[in-house]
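# Residue-level structural notes
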Amino acid sequence: MPAAIDIKNLYKQYPVPLKREAVNAVDNLTIKIEEGEIFGFLGANGAGKTTTIKILLGLIYPTQGEASVLGKPAGDIETKHKIAYLPESPYFYEHMTAAEVVTFYAQLFGLKREDAKKRAEELVDFVGLGSKSDRNKRISEFSKGMRQRVGIAQSLINNPTLLFYDEPTSGLDAIARRDIRDLMLQLKEQGKTMFLSSHQLEDVEKVCHRVSVIHKGKLRTIGLVDELLAGERVDITVSGATPSFNERLKTLAPEANVLGGAGTFNVKDDAGLVAQIIDTARAENTRIISIIPKRRTLEDLFVNIVGGRLTDEGSIEGAPDVNRVSANKYKELN
Amino acid sequence: MNAILTIAGNTISEALRRKVLNAFLLGGVAVLALTFMFGQFTARQELTLIRGMGLGIITLAGIFITVILSINLIPTEIERRTIYTILAKPVNRWEFLIGKWLGAIATIGVNIVLMGVVLIIAVALKQIGAENPSNPLELLKGILMIFLQMVLLCSVAVFFSVFLTPLVNFFLTLSLFIIGNMSSFTQDLAKTGSNILVKGFFTVVHYLVPNFGNFQFTNPLVNPAVEVKSELLFLTQNCIYGLVYSAVLLILAVLIFDRREV
Ligand SMILES: Nc1ncnc2c1ncn2[C@@H]1O[C@H](COP(=O)(O)OP(=O)(O)OP(=O)(O)O)[C@@H](O)[C@H]1O
Ligand SMILES: [Mg+2]
C-alpha cells in the first residue's frame, strides 16, 4: 500500500520582488505519512505549513522535489474525489447561505442537484448550523466560527479518506474549538488520515498520533507524540533561595531549567535527585513551596525548537533562547 | 460537464447580483427608450435613426458589461480565495475556466437580449400604421452580431485576465476593441504603408487583433442602400470567425492558467 502522503526533498521558493534571492518557504522537506495516521504539522507563522498543503493539493507547484498523495502525483484529479481541504480562514461566496454553499461544492463532486441539496442539509445540521436563524443567514453575516463550520461541512461531502486541515481551530472560542476537536477525534476513530496544520498545540497533542515541527521551511523534528513528550520532569518552587543553595543546585542538576526569576526550576523526574535537592534546601535554609511533577508539553518542545517566545496567539517573536520559560508557565508565576 | 455547468450557473447568479452590470443594462434600456422620443424627423429618417442608434447603444452598454464582467471573472476568485476550495474538488482547471467563461457569456447574452427586445418593440411601435413597414425582427441579425462580438471580447478579456491585472487588462482589452473595430483601416495601412516595416507591422496588427469591425451589421441595416452580397454568408462567416478566435484564445488561456499558482 502506498503512503497516504509522500513528500521527497521538496523545495518551494517564492521570488521576492526587486530582490535577487528568494524566500525558501519549503526547504528540503521529506515526510511520509501512512494511511490512518493523524499527522500534526506544527510550525510558527510563516514556517511553510500552508505552502506545503497547497503544493500537496496542486494549487501551487514545487520549485524542486516530489510530492504524492494517495499514490498519485500531487494535484491529481482522481485523487481529489477522496480528499478534503479546509483552508485556513476559508472563504466562500458571501451571498449564499451555508446550505447553498455546500450544495454548490457537492455538485462539483458530480452529485445531482437534489442529492447535493440533501447532502448539504445533512452536513449543515451536522456541523451545528441547522437552527432556523442560521439557515436563513448569508455567509456575509457569519462569524469566524460559523465560517469554519461551513468549511468543515464542505470538507465532509465526499466522505474523504484523507483530510487536509489548515489551522482548523485558530481564532475560535473554547466551545467551537472543543467541537472541532471532537470532530477530529471522531474522524480519527473512523480511521481517516489527516494532515493537520496547527499551532494550537493542545489540540495537536490530544488528536495526533505523530507530529512534526517545521521552522523556516525545514523539518526540525518528527516523531510519535508520546515519544516526543517522554522524559517526565518536576517543577520545584522554593522561596528565599540563598546564593549557596543556588550554587549547590547548579552542581546537583546542571541541566535544571530556571523558570522565571522567582524560584521555580524544572528538573528531571528522578527520585534520588529530588531527594537530594530537598536535603540541600533544608541545609541551606531555603523553603520548599511545591514539588509538582510535569509531563513535558508539546509547547515546551515547540518553543525549544523554534527558539523564541510564544505569545498567546501562538506566534513566535523575539530572541532565541533555548531555556526560556514558555508563555503559560511565565503567566503562572506572575 | 456537471462541474462546468455548476460553475457557470454560479457565475450567472453572482453576476446578476452586481449592481454595476445592472446599471449599464438599465442605462442602455433608458437610452433606447429616449430614442423613441425623437419627433422632428420624418417617419423614415426617424426609423433609421432609432435602428442605428439602438444597435449602437446596445453595443456600447454591451462593451461595458462584457469588459467589466470578464476582466474580473478569474482574478476575483483568486483574490477572494474562493478558488482554493473549488480546485481542491475534482474540478480541472480548464473546467473552471470554461465554466466561468460560459457563465459570463450567458449573463452577457441575457443583457443583450433584454436590450434587443426593448429595441425591437420600439421599432415595431414606431411602425404602427406605416406604409410598407420593414420587419422589426430583421434587427435580430444585428443583435446576434453584437452578441458574437461580445463573446469574442469576453474571450479576449478572459485570456488576458489569467496573467494581467484587471486594470491593465481593462485598458488593453478596450484598446484592442477599438483597434479591431478599425480593421479596414489597418488593412489599408498594411497594403499602402510607406515602407516594409510599417507594412509588416500593420499586417501583423491586422491579422492578430480580432477584427471586431467585421461584426458591424449596423451599416447595412441603417442604410439599406449598401448591399451585402450574401447576408447568410456574411453571418456564418462572422459566426465561425468569432467562435474559432474565441476557442483559440480560451485554449491559450487554459494553457497559461494550468501553470499558474493560485
Ligand atoms: N504567494 C506568496 N508569495 C510570496 N511569498 C509567500 C507567498 N505565500 C507565502 N509566502 C512566504 O512563504 C513563507 C511560508 O508561508 P506559509 O503561508 O506557508 O506559512 P505558514 O506556516 O502557513 O504560516 P501561518 O502560520 O502564518 O499560516 C512565508 O515567509 C511567506 O511570507
Ligand atoms: Mg498558514
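Procedures and definitions
Every chain's residues receive numbers from 1 upward, in the order its sequence appears when written. Chain A is the first chain written and ligand 1 is the first ligand written, with later ones labelled in order. Since the coordinates come from a predicted model, pLDDT governs what is reported: local features require at least 70, and pairs of side-chain atoms require 80 or more to be given and counted, while whole-chain, interface and lining totals use all residues. Only hydrogens and water are set aside; all other atoms, that is, all heavy atoms of the structure, feed into the side-chain values. Here a strand is any run of E in DSSP of at least two residues, a helix any run of H or I of at least four, and the numbering for each starts at the N terminus. With C-alpha atoms as the basis for the radius of gyration, the globule rule is written as 2.2 Å multiplied by the number of residues raised to the power 0.38. Working definition: with a 1.4 Å probe on protein chains only, accessible area under 20% of the residue-type maximum means buried, over 50% means exposed, and in between means partly exposed. Here, two residues are considered to be in contact whenever any of their heavy atoms come within 4.5 Å of each other. Two parts placed together each lose some accessible area; with a 1.4 Å probe, that loss summed over both constitutes the buried area. Salt bridge, as used here: a side-chain nitrogen of Lys or Arg that lies within 4 Å of a carboxyl oxygen of Asp or Glu. Polar contact criterion, stated in full: a pair of N or O atoms within 3.5 Å, where within protein one must be able to donate a hydrogen and the other to accept it, and residues adjacent in sequence count only if both atoms are side-chain atoms. Here the nonpolar group is Ala, Val, Leu, Ile, Met, Phe, Trp, Tyr, Cys and Pro; Asp, Glu, Lys and Arg are the charged ones; every other residue, Gly included, is treated as polar. Should DSSP find at least two bridges between two strands, the strands are taken to pair. Comment: axis = line fitted to C-alpha atoms, over the contacting stretch for helices; angle = value between 0 and 180 degrees taken between N-to-C directions. Buried residues of nine kinds, namely Ala, Val, Leu, Ile, Met, Phe, Trp, Tyr and Cys, make up a nonpolar core once their side-chain atoms join them within 4.5 Å. Any N, O or S atom lying within 2.8 Å of the metal counts as a donor, and for Na, K and Ca the limit rises to 3.2 Å; water is left out, so some sites can look incomplete. Note on patches: the residues involved have over 30% relative accessible area and no salt bridge, like charges join within 9 Å, and the nonpolar side chains Val, Leu, Ile, Met, Phe, Trp and Tyr join within 5 Å. Using the Shrake-Rupley algorithm and a 1.4 Å probe, accessible areas are obtained, with residue cover drawn only from the displayed protein chains. If an angle is under 35 degrees, it is roughly parallel; if it is over 145, roughly antiparallel; if it lies from 65 to 115, roughly perpendicular; otherwise it is oblique. For a crossing to be left-handed, the near helix must be turned anticlockwise from the far one by less than a right angle; the clockwise case is right-handed. An expected span of 1.5 Å times one less than the residue number is assigned to each helix.

It is worth spelling out the overall build of chain B at this point. Scanning chain B from N- to C-terminus turns up 11 helices and 0 strands. For 262 residues, the compact-globule estimate of 2.2 N^0.38 gives 18 Å, and the C-alpha radius of gyration of chain B, at 20 Å, lies within 12% of that figure. For the C-alpha atoms alone, the extent of chain B along its principal axes is close to 65 × 50 × 30 Å. Each of the 262 residues in chain B was classed as buried or not, and the buried ones make up 47%.

Attention now moves to the environment of Leu250(B). Residue and element names in this part refer to chain B. Along the polypeptide, Leu-250 turns up in helix H11 (residues 231–259). Remark: the alpha-carbon pair of Leu-250 and Leu-172, spanning 78 residues in sequence, is separated by 17 Å. In contact with Leu-250, other than residues within four places in its own chain, are Leu-97, Ile-98, Trp-101 and Val-158.

Turning our eyes to something else, we now look at the interface of chain B and chain A. Of the residues lining the interface, 28 residues belong to chain B; the matching set on chain A comes to 26 residues. Here chain B meets chain A over a buried area of about 2,600 Å², counting both sides, of which 59% is carbon and sulfur. Taken as a group, Lys89(B), Pro90(B) and Glu261(B) account for 24% of the area that chain B buries against chain A, more than any other trio of residues on that side. For the pair chain B and chain A, the interface holds 1 salt bridge. Salt-bridge contacts for Glu261(B) lead to Lys12(A); the nearest nitrogen and oxygen are separated by 2.8 Å. Viewed at the interface, chain A and chain B are joined by 12 residue pairs in polar contact (both at pLDDT 80 or more). Those elements that place two or more of their residues in the side of chain B that touches chain A are helix H1 (2–15), helix H4 (82–87), helix H5 (93–126) and H11 of chain B. At 7 residues, H1(B) tops the list of elements feeding residues into the side of chain B that touches chain A. Class assignment of the residues belonging to the side of chain B that touches chain A gives a composition of 9 nonpolar, 7 polar and 12 charged.

What follows covers the sheet that holds strand E1 (residues 5–15) of chain A. Residue and element names in this part refer to chain A. Sheet architecture is open: 4 strands sit in the order E2-E1-E4-E5, paired in antiparallel fashion. At either margin of the open sheet sits one strand with a lone partner, and together these are strand E2 (22–33) and strand E5 (72–73). In the sheet, E1 pairs with strand E4 (residues 64–69) via 5 bridges, with the strands oriented antiparallel. Residue pairing in the sheet places Asp-6 in a bridge with Ser-68 of E4. Across the sheet, helix H1 (residues 49–56) lies against E1, E2 and E4, angled at about 115° from E1, the strand it touches most.

So, on to the nonpolar core. All names here are of chain A. If you look at the biggest cluster of nonpolar residues, it comprises 150 residues, and the most contacted ones within it are Phe-164 and Tyr-165. Excluding residues that lie within four positions of it along the chain, Tyr-165 makes contacts with Ile-53, Leu-86, Ile-152, Ser-155, Leu-156, Leu-183, Met-184, Leu-187, Met-194, Phe-195, Leu-196 and Ser-197. In terms of nonpolar packing, the next biggest core, distinct from the first, is built from 13 residues, Phe-245, Ala-253, Phe-265 and Ile-277 among them.

This part is about the pattern of salt bridges. As enumerated under the stated definition, the model contains 21 salt bridges over all chains in all. The salt bridge involving Arg210(A) is made with Glu37(A); its shortest N-O contact spans 2.3 Å. Linking Arg210(A) in strand E9 (residues 210–215) with Glu37(A) in the loop between E2 and strand E3 (38–43), this pair joins segments that are 173 residues apart in sequence. The residue Glu138(B) makes a salt bridge to Lys141(B) at a minimum N-O spacing of 3.2 Å. A residue is classified by how much of its surface remains accessible, and Glu138(B), at 32% relative accessible area, is partly exposed.

This part takes up the coordination of the magnesium ion (ligand 2). Residue and element names in this part refer to chain A. Here the magnesium ion (ligand 2) is held by Thr-50 (OG1) and Glu-88 (OE), and the distances to it run 1.9 to 2.3 Å. Taken together, the residues span a long stretch of sequence, with Thr-50 in helix H1 and Glu-88 in the loop between strand E6 (83–86) and helix H2 (98–108) at a distance of 38 residues. Taking the relative accessible area as the measure of exposure, Glu-88 reaches 27% and is therefore partly exposed.

What follows concerns a nonpolar patch on the surface. There is a patch of nonpolar side chains on the surface, built from Phe163(B), Ile240(B), Val244(B), Val248(B), Ile251(B), Leu252(B), Leu255(B) and Ile256(B) and spanning about 710 Å² of accessible area. Following the sequence through the fold, Leu252(B) ends up in helix H11.

Attention shifts here to the packing of helix H5 (residues 144–155) of chain A against helix H6 (residues 174–189) of chain A. Relative placement of two packed helices is described by the angle separating their axes and the distance separating the axes. Residues and elements named next belong to chain A. Where H5 contacts H6, the two axes come as close as 11 Å, and the packing angle between them is 10°. Looking at the two axes, H5 sits roughly parallel to H6. When you trace H5 past H6, the crossing you get is left-handed. Touching Gln-148, Arg-149 and Ile-152 of H5 are Ala-176, Asp-179, Ile-180 and Leu-183, all from H6. Tallied by class, residues from the contact of H5 with H6 come to 4 nonpolar, 1 polar and 2 charged.

Residues and elements named next belong to chain A. Strand order across the open sheet formed by 6 strands is E6-E7-E8-E3-E9-E10, with mixed pairing between neighbours. At either margin of the open sheet sits one strand with a lone partner, and together these are E6 and strand E10 (218–224). For this sheet the average axis-to-axis angle between neighbouring strands, irrespective of direction, equals 15°. Alignment of strand E7 (residues 162–166) against strand E8 (residues 193–198), held across 5 bridges, turns out to be parallel. Paired with Phe-164 across the bridge in E8 is Phe-195. Relative to E9, helix H11 (residues 298–306) is tilted by about 25°, and along the sheet it contacts E3, E9 and E10.

All right, on to H1(B) then. Between the first and last C-alpha of H1(B) there are 20 Å, a value that for 14 residues agrees with the 20 Å anticipated at 1.5 Å per step. Of the positions making up H1(B), those classed as buried are Ala3(B), Ile4(B), Thr6(B), Ile7(B), Ala8(B), Asn10(B), Thr11(B), Glu14(B) and Ala15(B).

Okay, the packing of H2(A) against H5(A) next. Residue and element names in this part refer to chain A. Interaxial distance between H2 and H5 falls to 9 Å at its minimum, and their mutual angle equals 30°. By the angle class used here, H2 and H5 are roughly parallel. Here the hand of the crossing between H2 and H5 comes out right-handed. Residues Ala-98, Val-101, Val-102 and Tyr-105 of H2 form the contact with H5, whose participating residues are Val-150, Ala-153 and Gln-154. Taken together, the residues of the contact of H2 with H5 sort by class into 6 nonpolar, 1 polar and no charged.

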